[in-house]
Amino acid sequence: MGAGRFILAGVVAGAATVLARRKLDEKVAAGGLGGPSTWTRTNHRGEPISLLEGPAVAAGLVAGAAVGGGNAPGATALATAAAGGFGLVDDLAEDTSERTKGLRGHLGALAQGRLTTGGLKVLGISGSALVAAAVGTRRTGGAFGHLVDVGLNGALIGGTANLVNLFDLRPGRALKVGAAASLALAPTGAGATGAVLGAAAAAAPGDLGERDMLGDGGANALGALVGSQIAFGAPRAVRWAALAGVVGLMLASEKVSFSKVIAGNEWLNRIDMLGRRPAAAPADEPLAASPDTEPAAEPAIESGVRSTSASDPMASPGA
């Protein structure tokens, strides 16, 4: 049954990702959904790159989660869809004239009475994660213990959604991280792993080829599904350990560049470069910066948005 659910979820997720992308392409090309300019960014090579991968992957993950079975397929699909939706709002409506970076930056803006799209995303994903946890967490003890489990599972789903987004800074990186994490968690939910691998396989060629990017919509949805896989399938001790790891990495991201750590490790760098286009040859004159362009020196805070620096040959497109 586990193998059957794995295959079914993978096929459905992959097919739904491809179909959703095709329909979105047709709609946008015809001028719908704001038209091509709404969904197009410029990467470090000066080439156009599409944000449509994000909603397509989110749709594939939701479809795969819904048919994948497991402990709480409905709650998993809910958490994945909500995280993808709030992430997409941040992708499309972010005020690029005043970009607030990192979880600390968005929470700081909230404390000052300013609601950024990133702040809305934090609140939306956190709230929907708690709702999904309340729906999907089985009651195995008293009321207080169940309440703690709901809070733990909600924090795991929301935290993992944010964490995977922090890796969406280079082509294919978030897909690789999500797939590796879900594979390691396969015993807790074969269907969820199938959904992640199916959607990732469908999206990888465009992402690695720098034609597409996940953006917050796709990366948050991917992280929410992986977090749900832990929350609804792992023993309590494992869930607490996983939450500690997620929180630790998010705190570290405020001080340390994940990209620099990966680039400085031979094996991590090889995995990170696997399947990616070769770095662009240095040009005589740097490309003109687009409105999305990040500073040439990558900031210490990982924001979950890929760098678009023209002077960084390893940088990938930004939203």
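Data block above holds the structure.
Note that the structure is predicted; figures quoted are calculated from it, not measured.

Here the focus is a nonpolar patch on the surface. Taken together, the side chains of Val 89, Leu 115, Leu 120 and Leu 123 make up a nonpolar region of the molecular surface, amounting to roughly 340 Å² of accessible area. Looking at the element boundaries, Leu 115 is found in the loop between helix H5 (102-111) and helix H6 (117-136). Judged by its relative accessible area of 55%, Leu 115 is exposed.

This part covers the packing of aromatic side chains. One pass over the structure, following the stated rule, counts one aromatic pair. Seen in terms of ring centroids, Phe 167 and Phe 258 are 5.0 Å apart; in terms of plane orientation they differ by 25°. Their pairing is stacked. Separated by 91 residues along the polypeptide, Phe 167 in the loop between helix H7 (143-166) and helix H8 (173-184) and Phe 258 in helix H12 (residues 258-263) bring together distant segments of the chain. In terms of burial, Phe 167 and Phe 258 fall into one category: buried. One Lys or Arg, Arg 270, reaches over the ring of Trp 267 and ends 4.7 Å from the middle of that ring.

What follows is about the environment of Gly 178. With respect to the element layout, Gly 178 can be found in helix H8. Through-space distance from the C-alpha of Gly 178 to that of Val 164 is 6.9 Å; in sequence the pair is 14 residues apart. Ignoring anything within four residues of it in the chain, the contact list for Gly 178 reads Val 196, Leu 222 and Val 226.

Right, let's talk about the environment of Ala 129 for a bit. Considering the arrangement of structural elements, one finds Ala 129 in helix H6. Take Ala 129: its relative accessible area is 2%, and that puts it in the buried class. Ignoring any residue separated from it by four or fewer positions in sequence, one finds Ala 129 in contact with Gly 154, Ile 157 and Gly 158.

Definitions and limits used
- Residues numbered from 1 in each chain as written.
- Predicted model: local features only at pLDDT ≥ 70, side-chain atom pairs only at ≥ 80, totals over all residues.
- Heavy atoms only, no water.
- Patch = residues over 30% accessible without salt bridge, like charges linked within 9 Å, V, L, I, M, F, W, Y side chains within 5 Å.
- Areas by Shrake-Rupley, 256 points an atom, 1.4 Å probe, with all protein chains shown as cover.
- Salt bridge = Lys/Arg side-chain N within 4 Å of Asp/Glu carboxyl O.
- Helix = DSSP H or I, 4+ residues; strand = E, 2+ residues; numbered from the N terminus.
- Buried < 20%, exposed > 50% of the residue type's maximum accessible area, 1.4 Å probe, protein only.
- Phe/Tyr/Trp six-rings, centres within 6.5 Å; stacked < 30°, edge-to-face > 60°.
- Lys NZ or Arg CZ within 6 Å of the ring centre and 35° of its normal.
- Contact = heavy atoms within 4.5 Å.

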